[in-house]
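The chain contents come next:
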Amino acid sequence: MANTVLKANNISIVFGGLKAVDNFSIEIKEGELVGLIGPNGAGKTTVFNMLTGVYVPTSGTVELCGKDVTKLNPHKRVELGISRTFQNIRLFKRMSVLENVKVSSNIHMNYSVFDGIFKTKKYYEQEDLATEEAMEILKVLGLEEYINEEAQNLPYGKQRKLEIARALASRPAILCLDEPAAGMNPTETEELMETIKIVREKFNTAILLIEHDMKLVMGICEWIKVISFGKEIATGTPVEIRNNKEVITAYLGE
Amino acid sequence: MIWFKRMNKRNLISTVVGVLVLTLISIFSTKSYELPKILNLIFIYSISALALNIVCGCLGEFVLGHGGFILIGYTTAVILMQQISKLFTKSMGKVYFKEILVYVVRGGELHPMGYVFIILTVIVAALITAIIGFVVGLIALGRLKGDYLAIVTLGISLIFVNVCKNFDSLGGGTGISITTTISSTPLLNLAFLVAILILILTFMGSRFGRNILACRDDNIAAEACGVPVNKTKVIAFTFSSLLAGIGGALLAFVQPQAPTAFGQDMSILFLIIIVLGGLGSLTGSIIAAILIVLYENWFCVQSWVPEFFANNPKIIYGIILVLIMLFRSSGILGKNEFTWNWFYKLFKKKDNKKETLEGDK
């Protein structure tokens, strides 16, 4: 029986008078690959923001690896094992690719300002370890030839991959991908599917995926949750979802 | 000693040679009258510009109150020096103390005890400034960003300036002045600059520096990568005010009478320097500081310079700013650092030319 990594119990959030997400629950176990889909404006990214700590839910709780994290800051949650990518790429544009990935290693380092300034043995041990790890991740994602390039100079598809690499460097138990295929052409999407599969095997992490590209979601997800207007309307395997009447109505209208 | 193994030897040697040359210049500059003053100002302005560059260039937050922190360092150093001199005059007798602290500008040397006094005073003043900077950062940085933070820092520095102006013990309207005749030497200021440059380079190379740069590029992404954004900002701001305190305290031993320009004019001057040098470029700040000091203290006092310029040296700054923004918005060095490579390339090119010329023959 695999352990639960991420659990949301009836989370809701209200913006002004608008209930953006209403009683959303989800439970993700170790190593699962889960899809979260829904029409535009359904509240998918809002759910993400509550899970990763950008918003505090109005009601309900979020648990991460058995700990209640409902009120924790995003950076504290990263330490507990969740990491994410963004819908519109948010890289550290003027830093090198390697440095981008190493930023995420910060949570695994504990050398002090003193160690940093006087470059003690501890500094080199931890920095070298971080570099090694970063290189390994970049190699898996096929970015090792770009390590000294500035992030903003990478082509679009590589920037997406770099975001995933950066998210992986914090050694997450669950990785949240917010529309990783947005703006990609079919070939790039295909490549991304492969990448996600490899990442899951190599780094042993659960993955929660928001996506519009049905081919991608149906192709790789183990099970899928569908939300519409902030409410959950269906949960099931790709085949079940494809034949669910409510889902079809939500996407295509009556 | 791992750092030594990993350094580019050529650059290291070039830098050491450069510093040695500067040291020699600093030692022998005391023979002339004008040179020590210019060197002192260059080194101190560089330190203060570097301090501002950490927050504005590396952290990417706009700060308008840098002069206020320099003023705190300056005032603290002066008050400390006054107290020390009172204490020593009482216990040792006036004559001996003067002997220790007297610094004859022409060909004179500072008594070794004078160095100790200055260094201790500077360290204490810097620590006090850092504590004030830490408190200000804690209050302002956590909740504000962008324009709002700039306005808060402007307000805080106005408070400092006006408090100093209105309390006679802190200088009053004319500014505080050191009653003892102690002055520092270019050598001491150079030592501080080199030490601070090394400090900043190693700091920015550590995880704290990386976090600061990450916050500059994207706050939200940094937070999502596990970087404690608020803490990082406070660390950067405290570090910056520590260095500003050092700059201000050193200035106290060079410029015994606080100029009325202290405060807002200083804040603007250092903003101009770091924009001119390139935001985020450490060596750029130093180059720009050199240019500005040379312009104010050497160019403007030349006899052939039109009187209009000599009387209003600051009039050109506005023009400089507009021109930089229009034609090279990233500053002299942009985000790059000064390296010795161009220096070696210069020779290489010459060699290549020689070879081609010989080939032609």
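Keep in mind the model is a prediction, meaning the values are calculated, not measured.

## Some words on the overall build of chain B
Then, number 1: In terms of helices and strands, chain B carries 16 helices and zero strands.
Then, number 2: By residue count, 49% of the 361 residues in chain B fall in the buried class.
Then, number 3: In chain B, once contacts between residues fewer than 6 apart in sequence are set aside, the share between residues at least 24 apart is 79%.
Then, number 4: Carbon and sulfur atoms make up 70% of the accessible area of chain B, which totals about 17,700 Å².

## Describing the sheet that holds strand β1 (residues 4-15) of chain A
All names here are of chain A.
Then, number 1: An order of β2-β1-β4-β5 is seen for the four strands of this open sheet, with the pairing classed as antiparallel. Since the sheet does not close on itself, it has two edges, and those belong to β2 (18-29) and β5 (67-68), each with one partner.
Then, number 2: In terms of strand pairing, β1 meets β2 through eight bridges, oriented antiparallel. Residue pairing in the sheet places L6 in a bridge with I28 of β2.

## Remarks on the layout of surface pockets
Over the atoms a probe the size of a water molecule is rolled, and this reveals where empty space is left.
Then, number 1: The computed volume of the second largest pocket comes to approximately 420 Å³.
Then, number 2: Lining the second largest pocket are 20 residues, with K145, N219, E223, V229 and N230 of chain B sitting closest to its centre.
Then, number 3: When residues of the lining of the second largest pocket are traced back to their parent elements, those giving at least two are α2 (74-80) of chain A together with α10 (219-224) and α11 (229-252) of chain B.
Then, number 4: Per-element tally for the lining of the second largest pocket: the top contributor is α10 of chain B, with four residues.
Then, number 5: In terms of residue class, the lining of the second largest pocket is made up of nine nonpolar, six polar and five charged.

## Re unusual backbone geometry
All names here are of chain A.
Then, number 1: Its identity as a non-glycine residue notwithstanding, N10 has a phi of 45°, on the positive side.
Then, number 2: Looking at where N10 falls in the secondary structure, it is placed in strand β1.
Then, number 3: A positive phi angle is found at F229, which is not glycine, with a value near 50°.
Then, number 4: With relative accessibility at 71%, the residue F229 sits in the exposed group.

## Here's the deal with the interface of chain B and chain A
Accessible area lost when the parts come together is the quantity often used to give the size of an interface.
Then, number 1: Across the contact, 27 residues belong to chain B and 33 residues belong to chain A.
Then, number 2: Taking both sides of the interface into account, the surface hidden between chain B and chain A amounts to around 2,800 Å²; carbon and sulfur atoms contribute 60%.
Then, number 3: Contact with chain A buries area across many residues of chain B, yet R207, R210 and C225 of chain B alone supply 24% of it, more than any other trio.
Then, number 4: At the surface where chain B touches chain A, the tally comes to three salt bridges.
Then, number 5: Where R210 of chain B meets E127 of chain A, a salt bridge forms, and the shortest distance between an N and an O atom there is 3.2 Å.
Then, number 6: Our enumeration of links across chain B and chain A arrives at ten residue pairs in polar contact (both at pLDDT 80 or more).
Then, number 7: Every element with two or more residues in the side of chain B that touches chain A is listed here: α1 (2-6), α8 (186-205), α9 (207-217) and α10 of chain B.
Then, number 8: If you tally residues by element for the side of chain B that touches chain A, the top one is α9 of chain B, at eight residues.

## Overview of the pattern of salt bridges
All names here are of chain A.
Then, number 1: Per the counting criterion, the structure on display carries 14 salt bridges over all chains.
Then, number 2: The partner of E127 in a salt bridge is K102, with the nearest N and O atoms 3.0 Å apart. Placement of E127 in helix α5 (residues 121-140) and of K102 in helix α3 (residues 97-103) is noted, with a sequence separation of 25 residues between them.
Then, number 3: According to the relative accessible area criterion, E127 is buried, its value standing at 5%.
Then, number 4: For K161, the salt bridge is made with E191, and the minimal N-O distance between the two is 2.8 Å. In this pair, K161 is assigned in helix α6 (residues 156-168) and E191 in helix α7 (residues 186-203), connecting sequence segments 30 residues apart.
Then, number 5: A relative accessible area of 42% means that E191 is categorised as partly exposed.
Then, number 6: Linked through salt bridges whose partners overlap, the residues forming this network are K19, D22 and K231.

## What about helix α7 (residues 147-166) of chain B?
Residues and elements named next belong to chain B.
Then, number 1: In a regular helix each residue adds 1.5 Å, so 20 residues correspond to 28 Å; α7 covers 29 Å between its end C-alpha atoms and thus fits that length.
Then, number 2: Among all positions in α7, only L149, A150, T153, I156, S157, F160, V161 and C164 are buried. The buried residues of α7 all sit within an arc of 135° when viewed along its axis, so they share a single face. Residues of α7 that are exposed and point over 90 degrees away from its buried face: D147, Y148, I151, I159 and N166.

## A word on the sheet that holds strand β6 (residues 82-84) of chain A
Residues and elements named next belong to chain A.
Then, number 1: Judged by pairing direction, the sheet is mixed, and its six strands sit side by side in the order β6-β7-β8-β3-β9-β10 without closing on themselves. The sheet is open, and its two borders are formed by β6 and β10 (231-236), each paired with just one other strand. Within this sheet the neighbouring strands show an average axis-to-axis angle of 20°, counted without direction.
Then, number 2: As paired elements, strand β7 (residues 174-178) and strand β8 (residues 206-210) share five bridges and run parallel to each other. By the bridge assignment for β8, D178 is matched with I210.
Then, number 3: Strands in contact with α6 are β6 and β7; relative to β7, the strand with the most contacts, it is inclined by about 155°.

## A few points about the packing of aromatic side chains
Residues and elements named next belong to chain B.
Then, number 1: Considering all chains together, one arrives at 13 aromatic pairs over all chains under this definition.
Then, number 2: A ring pair is formed by Y45 and F270, whose centres lie 5.3 Å apart and whose planes are at 65°; its orientation type is edge-to-face. Pair noted here: Y45 is in helix α3 (residues 35-59) and F270 is in helix α12 (residues 264-277), with a separation of 225 residues, a long-range link. The pair Y45 / F270 is uniform in exposure class, with both members buried.
Then, number 3: Between F299 and W304, the aromatic rings sit 5.7 Å apart at their centres with planes inclined by 80°, giving edge-to-face as the arrangement.
Then, number 4: The exposure class of F299 is partly exposed, given its relative accessible area of 26%.

Scoring rules and cut-offs
Residues numbered from 1 in each chain as written. Chains lettered and ligands numbered in written order. Predicted model: local features only at pLDDT ≥ 70, side-chain atom pairs only at ≥ 80, totals over all residues. Heavy atoms only, no water. Helix = DSSP H or I, 4+ residues; strand = E, 2+ residues; numbered from the N terminus. Buried < 20%, exposed > 50% of the residue type's maximum accessible area, 1.4 Å probe, protein only. Contact = heavy atoms within 4.5 Å. Areas by Shrake-Rupley, 256 points an atom, 1.4 Å probe, with all protein chains shown as cover. Pairing = 2+ DSSP bridges. 1 Å grid on protein atoms, 1.4 Å probe; cavity = no way out; pocket = protein on both sides within 12 Å on 5 of 7 lines; lining within 4 Å. Points joined across faces, edges and corners; volume = space filled by probe spheres on them. Nonpolar A, V, L, I, M, F, W, Y, C, P; charged D, E, K, R; others polar. Buried area = accessible area lost by both parts, 1.4 Å probe. Salt bridge = Lys/Arg side-chain N within 4 Å of Asp/Glu carboxyl O. Polar contact = N/O pair within 3.5 Å; in protein donor to acceptor, adjacent residues only side chain to side chain. Expected span 1.5 Å × (residues − 1). Arc of directions from axis to C-beta. Axes fitted to C-alpha atoms, helices over the stretch in contact; angles between N-to-C directions. Phe/Tyr/Trp six-rings, centres within 6.5 Å; stacked < 30°, edge-to-face > 60°.

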